[in-house]
Amino acid sequence: MHLRQLELKDAPLMLEWMHDADVTGQLRTDFASKTLSDAEAFILRSNEDKKNVNLAIASDEDEYMGTVTLRDIEDGSAEFAITVRSKAMGRGYSWFGMEAILKKAFDELGLDCVYWCVSRKNTRAVRFYDKHNFHEALDIPAKVLARYEGIADLKWYSVLKDDDINEKDSVAGCKVIHIKTIPTVGAGELSFFEGNHDVEFDIRRIYYISKVPEGTRRGFHAHKELKQLLFCPYGRIQLILENNNGREEIELYDPSIGVVIDQPTWREMLWLQKDSVLCVAASDYYDPEDYIRDYDEFVEYIRSR
Ligand code: T46
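Residues numbered from 1 in each chain as written. Predicted model: local features only at pLDDT ≥ 70, side-chain atom pairs only at ≥ 80, totals over all residues. Heavy atoms only, no water.

## With respect to the packing of aromatic side chains
Centre distance and the angle of the planes are the two values used to describe a pair of aromatic rings. Throughout the structure, instances matching the rule amount to 17 aromatic pairs. With a centroid separation of 5.4 Å and an interplanar angle of 75 degrees, the aromatic rings of Phe80 and Trp116 are classed as edge-to-face. Linking Phe80 in strand β4 (residues 77-84) with Trp116 in strand β5 (residues 113-119), this pair joins segments that are 36 residues apart in sequence. Per residue, the accessibility class of Phe80 equals that of Trp116, and both read buried. Judged by centre distance (6.3 Å) and plane angle (40 degrees), the rings of Tyr295 and Phe298 are tilted. Taken together, the positions of Tyr295 and Phe298, both in helix α7 (residues 295-303) and three residues apart, correspond to about one turn of that helix. (Phe/Tyr/Trp six-rings, centres within 6.5 Å; stacked < 30°, edge-to-face > 60°. Helix = DSSP H or I, 4+ residues; strand = E, 2+ residues; numbered from the N terminus. Buried < 20%, exposed > 50% of the residue type's maximum accessible area, 1.4 Å probe, protein only.)

This is the structure in structure tokens:
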């Protein structure tokens, strides 16, 4: 696999995905009406364009498999986009193309940030980004959001220059861990962790939150000293974390995934599915004095540390 400039010979294969409803079903642009000359004109324009980079993802035999794009390159950032032919799906082309163009963005073009968005209804794309550990970005500049004004249900992502995209194992700097899990064929899985062994603190308290209606939000506080491991043994819960590393979210739905919060971090939890259970292993006994429940006070607290 390799990335290269788009060539006129790619136009018929580009047109193939443009006319493939399985590829374009969730995209906003009307590709179905495009013609071979539209594809050729796009390729010719692309190779002259300074504000947008469009490259072909090609197979070892140099067959066009899809296009990766950095568009609206300005002020050190760009928007990422990718489309691949049906034939290329599930064969590693998308991830190859994404990794290669992000490397180009940061190493060659000197960008600081690449962002993108997808419709939440585009489950194939959302699953792809989840699988590669990208988390929803909640601090996209207003100027960028304005380009998508009026479009509902978008999920935004971003990657910063120093993010290690292959090892993105944190949310707002809080570690995402794999809880040891033993499967039994046809009889489920058993997950476990031990204080001071699998988590780096003594566990003094376990609590869990259950029977919560879908759409409920809880949290809206931070802890000064308490360390916690949060996980969701059943259901689906969005966890939003904010601290000096930024504001990021993660969806907890896999019982073998946990998040360790071991620094003052503002947290908000949204129950995406009725009756989801949030479980917490905490480093200390309950102490109301350890909570910061006022957001402005929290911002001042982390600023002054
Ligand atoms: C956290 C998130 C993830 C106790 O009496 N003992 C306890 O151990 C706990 C955790 C709570 N409480 C009392 C305090 C409140 O009167 O239970 C009530 C509900 O607690 P709170 O409103 O803080 O619940 P959440 O869901 O907003 O936050 C909880 C934890 O409190 C917090 O530490 O990190 O879950």
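So much for the structure itself; the text now carries on.
## Let's talk about the sheet that holds strand β8 (residues 174-178)
The six strands lie next to each other as β7-β8-β16-β13-β18-β11, forming an open sheet whose pairing is antiparallel. Strand pairing shows two members of the sheet lacking a second neighbour, β7 (170-171) and β11 (205-209), which therefore form its edges. Here four bridges tie strand β13 (residues 228-234) to strand β16 (residues 257-261), and the two strands are oriented antiparallel to one another. Residue pairing across strands places Phe231 opposite Gly258, the latter belonging to β16. (Pairing = 2+ DSSP bridges.)

## Describing the pairing of strand β6 (residues 154-160)
A large share of β6 lies buried, amounting to six of its seven residues. One ladder, built from seven bridges, connects β5 with β6; its direction is antiparallel. Residue pairing for β6: Trp116 is matched across the bridge by Tyr157.

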